[in-house]
Amino acid sequence: MSTAAVSSRPGLVLADLIPASRVRDAALVLGGAALTGLAAQIAVPVPGSPVPVTGQTFAALLVGTSLGARRGTLSLVVYALAGLAGVPWFAEGKSGVLVSFGYIIGMMLAATVVGALARRGADRSVLRMAGTMLVGEAIIYAIGVPYLALAADMSASAAIAAGLTPFLIGDALKAALAMGLLPTAWKFVNKR
């Protein structure tokens, strides 16, 4: 069966194009965790917010979409557990339980959802990828902002002002990058 025929079958994500094995899956999970940790180091402090702008959310959504729900979620669980255990790969080289840890919890759930959507073909076109990224970002904020409010003892409006509003433009840019990247990868695979 050709790669084009395989890639057009429903239920596949990009990672499924690599020959299957337990070693492959373990490498993908660890690689997804490492990518998220590396992307978290791209951090820009936001005045008035305990949460910096990072590449972490982009990596988490990219990992979930390209690896699928199971491997994507496992990657983010490994990332979270290692960070809680002291690996300094949360944003700005931090580890442990942070006031921003709710966003990491949200990323785990978002990776699950965007991975499931990718298995249904949501990563194959720009328009569907846009919807997938919006859903993923909404999940991250739906958990991250209330957690921030509780952990930092902020009102809901203060948490929205510190943990949501300053990030919308950056997240739109990250979503645009993903909208171009994944459908382009599928087009490349289909040409082969």
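Residues numbered from 1 in each chain as written. Predicted model: local features only at pLDDT ≥ 70, side-chain atom pairs only at ≥ 80, totals over all residues. Heavy atoms only, no water.

**Student:** Give a description of the overall build of the protein chain that names residues and reports values.
**Tutor:** Along its length, the protein chain carries eight helices and two strands. The C-alpha atoms of the protein chain give 17 Å as radius of gyration, which agrees with the globular expectation for 192 residues (16 Å, within 12%). Dimensions of the protein chain, computed from C-alpha atoms along their principal axes, come out at roughly 55 × 35 × 20 Å. Taking the intrachain contacts of the protein chain between residues at least 6 apart in sequence as the baseline, contacts between residues at least 24 apart amount to 70%. Carbon and sulfur atoms form 73% of the exposed surface of the protein chain, whose accessible area is close to 9,000 Å². Computing the positive centroid from 14 side-chain charges and the negative centroid from 7, the protein chain places the two 14 Å apart. (Helix = DSSP H or I, 4+ residues; strand = E, 2+ residues; numbered from the N terminus. Rg over C-alpha atoms; globule rule 2.2 N^0.38 Å. Contact = heavy atoms within 4.5 Å. Areas by Shrake-Rupley, 256 points an atom, 1.4 Å probe, with all protein chains shown as cover. Lys, Arg positive; Asp, Glu negative; His and termini not counted. Charge placed at Lys NZ, Arg CZ, Asp CG, Glu CD.)

**Student:** Pulling in residues and values, what's your account of the environment of Asp16?
**Tutor:** Along the chain, Asp16 turns up in the loop between helix H1 (3-7) and helix H2 (22-40). With sequence-adjacent residues up to four places away left out, Asp16 is seen in contact with Gly11, Arg24, Arg71 and Arg119.

**Student:** Please set out unusual backbone geometry residue by residue, giving values where relevant.
**Tutor:** In the Ramachandran plot, Glu92 falls in the positive-phi region, its phi being about 65 degrees despite a non-glycine side chain. Following the sequence through the fold, Glu92 ends up in the loop between helix H4 (69-84) and helix H5 (101-119). Residues other than glycine seldom take positive phi values, yet Asp153 does so here, at roughly 55 degrees. In this fold, Asp153 is placed in the loop between helix H6 (126-151) and helix H7 (156-163).

**Student:** So what about the layout of surface pockets? Which residues, and what values?
**Tutor:** Of the voids in this model, the largest pocket is the one considered here, and its volume is about 240 Å³. Lining the largest pocket are 20 residues, with Val51, Pro52, Thr54, Gln56 and Thr57 positioned closest to its centre. Residue assignment for the lining of the largest pocket shows that the elements contributing at least two residues are strand E2 (53-54), helix H3 (56-67), H5, H6 and helix H8 (168-191). (1 Å grid on protein atoms, 1.4 Å probe; cavity = no way out; pocket = protein on both sides within 12 Å on 5 of 7 lines; lining within 4 Å. Points joined across faces, edges and corners; volume = space filled by probe spheres on them.)

**Student:** Account for the confidence of the model for the protein chain, naming residues and giving values.
**Tutor:** Taken as a whole, the protein chain shows an average pLDDT of 91; of its residues, 94% reach a score of 70 or greater. Predicted confidence for residues 1-7 stays below pLDDT 50, and this span has 12 contacts to residues more than four positions away or in other chains. (pLDDT = per-residue confidence, 0-100.)

**Student:** Which residues make up the packing of aromatic side chains, and what values do they have?
**Tutor:** Scanning the entire structure with this criterion turns up four aromatic pairs. Relative to Phe90, the ring of Tyr79 lies with its centre 5.3 Å away and its plane at 70 degrees, an arrangement referred to as edge-to-face. On the criterion of sequence distance, the pair formed by Tyr79 in helix H4 and Phe90 in the loop between H4 and H5 is long-range, its members being 11 residues apart. Look at Tyr79 and you get buried, because its relative accessible area is 0%. (Phe/Tyr/Trp six-rings, centres within 6.5 Å; stacked < 30°, edge-to-face > 60°. Buried < 20%, exposed > 50% of the residue type's maximum accessible area, 1.4 Å probe, protein only.)

**Student:** An account of a nonpolar patch on the surface is requested, with residue identities and associated values reported.
**Tutor:** Nonpolar side chains collect at one region of the surface, where Leu81, Leu84 and Val97 lie side by side and expose about 290 Å² of accessible area between them. Position of Val97 among the secondary structure elements: in the loop between H4 and H5. Its relative accessible area of 62% is what places Val97 among the exposed residues. (Patch = residues over 30% accessible without salt bridge, like charges linked within 9 Å, V, L, I, M, F, W, Y side chains within 5 Å. Salt bridge = Lys/Arg side-chain N within 4 Å of Asp/Glu carboxyl O.)

**Student:** Any chance you could break down H4 for me, citing the residues and the numbers?
**Tutor:** For H4, spanning 16 residues, the distance from its first C-alpha to its last is 22 Å, which sits close to the expected 22 Å at 1.5 Å a residue. Three or more residues of H4 are buried, namely Ala69, Arg71, Gly72, Thr73, Ser75, Leu76, Tyr79, Ala80, Ala82 and Gly83. Buried residues in H4 make contact with H2, H3 and H5. (Expected span 1.5 Å × (residues − 1).)

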